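Chain and residue survey
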Amino acid sequence: MADYREAFIGIDVAKLKNAIAVAESGREGEVRFWGEVDASDTSMRRIIQRIAAKFDRVHFCYEAGPTGYGLHRLIRSLGHECVVVAPSLIPRKPGDRVKTNRRDALALARLLRAGELTAVWVPDEGHEAMRDLVRARAAAVETLRVHRQQISAFMLKHSRIYPRKKGWTMRYLRWLQEQQFDHPAHQIALQEMVEAVRVSKERVERLEKVIEEFVPTWSLAPVIRALQTLRGVDLIVAVTFATEVGDVSRFESPRQLMGYLGLVPGERSTGETIRRGGITKAGNGRVRHMLVESAWTYRHPVRRDSSRWCQDLVSLGTL
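Below is a summary of the structure that appears in this document. If you're wondering where the values come from, they're calculated on a predicted model, not measured in any experiment.

We now examine the state of the cysteines. In protein chemistry, a disulfide is the covalent bond that joins the sulfur atoms of two cysteines. Within this structure, the stated rule accounts for zero disulfides. Its sulfur unpaired, Cys61 is 7.5 Å from the next cysteine sulfur, which belongs to Cys82. Owing to a relative accessible area of 9%, Cys82 belongs among the buried residues under this scheme.

Here's what the structure looks like:
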């Protein structure tokens, strides 16, 4: 046992170069900066094998970020443990105002050895592809909202008030086309903004159609069908929940899932004083936004379509 050597490796990932630090096991174990290496798969494979050859067991970690999970999959394919760390949950000293790649790599290695890092769930490649598709649809919806807001602000600036309450219907679009301005520049600006709305809406519809086509062949298709039997949960809400949360069984209890989604009340209590506030709004904002919007349907009384309800139960094997 005296000859057994274990190491904890922190990697500060970047687009071009990765900074690597090594912390040997034990409270008095040496923590040293290994160096910066090229971020390509070939260079990382070579450096990982070189480090692993010096120790009996190695543990790797790096922060989740725009570089994705390719490094995690590479390290796991070489037979080593790897943790992708949640950046927002990394312990930091309040007075620490110096941030470099070297210091970040050393801090990751120390915290990994101390067991103070929180790992994120890493999806497989198929799940990640579906999540990217759903997030692309969410980005398209946001773009559509921005373009619509621009038109609303433009019309308000020129005192053109739509006479009806509900906007962005076919009647509203016809009303926009009928608007005439004295200066041709205003007319062209409105036409371009209307065209931008049309293009954005078509993009959202295309992405939703593709999502609907891919869902039946996805491994989580039964989960999505089950979620859609709940009130207010349509295909997009169910797919968003499944792609962002992933395997629900990884949560030990519903309370832990609600904490992950930030749907639990905040609390600041001391002694006999108990203060509870609104929800924490921590964790995944995309799922929280969808679930809160879906929950609004429970304001209305149930109007059950018996044929669709029975169809859903038959698909789930209940009937």
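Successive side chains on a regular strand alternate, one facing one side of the sheet and the next facing the other. Burial analysis of strand 2 (residues 17-24) places seven of its eight residues in the buried class, the great majority of the element. Here six bridges tie strand 1 (residues 6-12) to strand 2, and the two strands are oriented antiparallel to one another. Across the sheet, residue Asp12 finds its bridge partner in strand 2, namely Ala19. Counted along the chain from strand 1 to the antiparallel partner strand 2, the turn is four residues long. Relative to strand 3 (residues 31-38), strand 2 runs antiparallel, the two sharing seven bridges. Bridging from a neighbouring strand, Lys17 pairs with Asp38 of strand 3. Taking the residues between adjacent antiparallel strands as the criterion, strand 2 and strand 3 are bridged by six residues, where Gly26 takes a positive phi near 95°.

All right, on to the environment of Pro66 then. Examined against the element boundaries, Pro66 turns out to sit in the loop between strand 4 (57-63) and helix 2 (70-77). Between the C-alpha atom of Pro66 and that of Ala14, which follows or precedes it by 52 residues, the distance is 8.7 Å.

Here we come to the packing of aromatic side chains. Throughout the structure, instances matching the rule amount to six aromatic pairs. The lysine or arginine in question, Arg231, covers the ring of Tyr298, its NZ or CZ lying 4.7 Å from the ring centre. Over the ring of Tyr260 we find Arg250; its NZ or CZ atom is 5.4 Å from the centre of that ring.

Before going further, it helps to spend a moment on the pattern of salt bridges. One pass over the structure, following the stated rule, counts 13 salt bridges. The salt bridge partner of Glu30 is Arg32, with a shortest N-O separation of 3.5 Å. For Arg32, a relative accessible area of 24% translates into the label partly exposed. Residues Glu208 and Arg137 are paired through a salt bridge, measuring 2.9 Å at the closest nitrogen-oxygen approach. Of this pair, Glu208 sits in helix 6 (residues 184-214) while Arg137 sits in helix 4 (residues 125-157); the two residues are 71 residues apart in sequence, bridging distant segments of the chain. A relative accessible area of 26% places Glu208 in the partly exposed class. Sharing partners across several salt bridges, the network here consists of Arg5, Glu24, Glu30 and Arg32.

The next point concerns the packing of helix 8 (residues 235-245) against helix 10 (residues 285-295). Contact geometry of helix 8 with helix 10 gives a least axis separation of 9 Å together with a crossing angle of 150°. Comparing their axes, helix 10 and helix 8 come out roughly antiparallel. As helix 8 packs across helix 10, the resulting crossing turns out to be left-handed. Where helix 8 approaches helix 10, its residues Ile236, Val237, Thr240, Phe241, Glu244 and Val245 are matched on the opposing element by Arg286, Val287, Met290, Leu291 and Ser294.

Its identity as a non-glycine residue notwithstanding, Trp168 has a phi of 60°, on the positive side. You can see Trp168 is positioned in the loop between helix 4 and helix 5 (170-178). Classification of Trp168 as partly exposed rests on a relative accessible area of 23%. Of note, Lys281 is a non-glycine position whose phi angle comes to about 55°, a positive value.

So, on to the sheet that holds strand 3. Strand order in the open sheet formed by five strands is 3-2-1-4-5, and the pairing between neighbours is mixed. Strands with a single pairing partner mark the edges of an open sheet, and in this sheet they are strand 3 and strand 5 (81-85). Across this sheet, the average inter-strand angle for adjacent strands is 20°, counted without regard to direction. Most of the contacts of helix 1 (residues 41-52) go to strand 3, to which it runs at about 155°, and overall it touches strand 1, strand 2, strand 3 and strand 4.

Calculation rules
- Residues numbered from 1 in each chain as written.
- Predicted model: local features only at pLDDT ≥ 70, side-chain atom pairs only at ≥ 80, totals over all residues.
- Heavy atoms only, no water.
- Disulfide = S-S within 2.5 Å.
- Buried < 20%, exposed > 50% of the residue type's maximum accessible area, 1.4 Å probe, protein only.
- Helix = DSSP H or I, 4+ residues; strand = E, 2+ residues; numbered from the N terminus.
- Pairing = 2+ DSSP bridges.
- Phe/Tyr/Trp six-rings, centres within 6.5 Å; stacked < 30°, edge-to-face > 60°.
- Lys NZ or Arg CZ within 6 Å of the ring centre and 35° of its normal.
- Salt bridge = Lys/Arg side-chain N within 4 Å of Asp/Glu carboxyl O.
- Axes fitted to C-alpha atoms, helices over the stretch in contact; angles between N-to-C directions.
- Parallel < 35°, antiparallel > 145°, perpendicular 65-115°, else oblique.
- Left-handed = near helix turned anticlockwise from the far one by under 90°.
- Contact = heavy atoms within 4.5 Å.

Without other data, these values stay purely geometric and don't point to any function.
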